[in-house]
Amino acid sequence: MYINTKKEESHPMKNLRKQIRKALPKNITDQEWEALACQPCVISKKRSTIATVDHFIPLIWGHGGDVKGNLYPLGRELNKLKSSHNPFRWINRKEIQPLIDRKRWDELVHALAAENGLTVKEFTQYVHWCEKHPRSFEEVEADPRPSLEIWKEAKGAATVEIPE
């Protein structure tokens with residue numbers, strides 16, 4: 001009897017996530033990744049919570065990537081609960097509220113927005129846009145530009161200027 005020991009093949013979503021991750025932009029070094037991974041969770045009420053590096057914009061959406069402004073240390077249990085949910089909706093779930101420090105969450109959002117050169121309102125719009133416009137692996141491969149650039153282009157195209 002054959003037993004598949006290759007986790008990628010037995011978990012199609014993980015394999016797809018890996019493919020998308022490779023195709024998306026990356027502007028963080030391995031050393032910067034390791035530094036993030038060694039930090040405590042930035043939003044947990046327990047400062048000693050062991051963290052993993054989380055993608056604020058989930059990779060499975062086909063946006064974000066391993067880029068500054070999308071990565072932060074999140075506790076392992078919180079990361080499992082967040083999964084590929086929209087972080088702005090996830091944070092408001094009743095079962096999440098007792099686990100997080102809302103002030104730290106707000107600080108995180110401000111920091112990620114600033115890292116992307118956006119206001120908090122713009123960053124929120126950007127994240128929601130990414131969720132509403134998911135990209136397949138093939139789409140990411142065909143257009144590997146940073147998602148922020150694609151969003152700004154789409155936002156500009158959606159803006160109708162009224163002539164004076």
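Rules used in this analysis
- Residues numbered from 1 in each chain as written.
- Predicted model: local features only at pLDDT ≥ 70, side-chain atom pairs only at ≥ 80, totals over all residues.
- Heavy atoms only, no water.
- pLDDT = per-residue confidence, 0-100.
- Contact = heavy atoms within 4.5 Å.
- Helix = DSSP H or I, 4+ residues; strand = E, 2+ residues; numbered from the N terminus.
- Buried < 20%, exposed > 50% of the residue type's maximum accessible area, 1.4 Å probe, protein only.
- Polar contact = N/O pair within 3.5 Å; in protein donor to acceptor, adjacent residues only side chain to side chain.
- Core = buried A, V, L, I, M, F, W, Y, C linked by side-chain atoms within 4.5 Å.
- Expected span 1.5 Å × (residues − 1).
- Pairing = 2+ DSSP bridges.
- Salt bridge = Lys/Arg side-chain N within 4 Å of Asp/Glu carboxyl O.

Draft legend 1. Up close: the confidence of the model for the chain. Per-chain confidence: the chain averages 89 in pLDDT, with 88% of residues scoring 70 or above. Scored below 50 in pLDDT, residues 1-9 makes four contacts in the model with residues more than four places away or belonging to other chains. This stretch, residues 160-164, has a pLDDT under 50; its non-local contacts, to residues over four places away or in other chains, come to zero contacts.

Draft legend 2. View of the side chain of Asn-86. On the secondary structure map, Asn-86 appears in the loop between helix H4 (76-82) and helix H5 (87-90). Overall, the relative accessible area of 2% leaves Asn-86 in the buried class. At a separation of 2.8 Å, a polar atom in the side chain of Asn-86 contacts the main-chain amide nitrogen of Phe-88. Look past the residues within four positions of Asn-86 in its chain and what remains in contact with it is Trp-61, Val-127, His-128 and Glu-131.

Draft legend 3. Seen up close, the nonpolar core. Counting residues in hydrophobic clusters, the biggest one holds 28 residues, and the most contacted among them are Ile-43, Phe-56, Trp-105, Phe-123 and Tyr-126. Elements supplying a minimum of two residues to this core: strand S2 (71-75), H5, helix H6 (102-115), helix H7 (120-132) and helix H9 (147-158). Once you skip the residues sitting within four places of it in the chain, Ile-43 turns out to touch Leu-74, Leu-78, Trp-90, Ile-91, Leu-99, Ile-100, Asp-101, Arg-104, Trp-105 and Leu-108. Within the second largest apolar cluster, six residues are counted, among which are Ile-20, Leu-24, Leu-59 and Phe-137.

Draft legend 4. Region of the structure containing H6. Taking 1.5 Å of rise per residue, the 14 residues of H6 would be expected to cover 20 Å, and the 20 Å separating its terminal C-alpha atoms lies within 8% of that figure. For H6, the secondary structure elements touched by its buried residues are S2, H5 and H7. The N-cap residue of H6 is Asp-101: its side-chain oxygen and the backbone nitrogen of Lys-103 are 3.0 Å apart.

Draft legend 5. Looking closely at the pairing of S2. Counting buried residues along S2, five of its five residues qualify, which places the element largely inside the surrounding structure. Here S2 shows no split at all, with Leu-71, Pro-73 and Gly-75 on one side and Tyr-72 and Leu-74 on the other all buried. Summarising the sheet, strand S1 (residues 51-55) and S2 pair through five bridges and their orientation is antiparallel. Its bridge partner being in S2, Asp-54 is matched across the sheet by Tyr-72.

Draft legend 6. How the structure looks around the environment of Leu-59. Of note, Leu-59 is situated in the loop between S1 and S2. Note on Leu-59: relative accessible area 2%, which makes it buried.

Draft legend 7. Region of interest: unusual backbone geometry. Positive phi outside glycine occurs at Ser-83, with the angle close to 50°. Examined against the element boundaries, Ser-83 turns out to sit in the loop between H4 and H5.

Draft legend 8. Expanded view of the pattern of salt bridges. Counted according to the given criterion, the structure contains 14 salt bridges. Residue Lys-80 is joined to Glu-77 by a salt bridge in which the shortest nitrogen-to-oxygen separation is 3.6 Å. Separated by three residues within a single helix, Lys-80 and Glu-77 lie in helix H4, roughly one turn from each other. Across this residue pair, the class does not change: Lys-80 and Glu-77 are exposed. Arg-104 is the partner of Asp-101 in a salt bridge, and the nearest nitrogen-oxygen pair spans 3.9 Å. Note on Asp-101: relative accessible area 23%, which makes it partly exposed.

Draft legend 9. Broad picture of the side chain of His-55. Within the element layout of this structure, His-55 appears in strand S1. Residue His-55 is classed as buried on the basis of its relative accessible area, which comes to 4%. For His-55, the contacting residues outside a window of four places in its chain are Arg-17, Arg-21, Trp-33, Gly-65, Asp-66, Asn-70, Leu-71, Tyr-72 and Lys-82.

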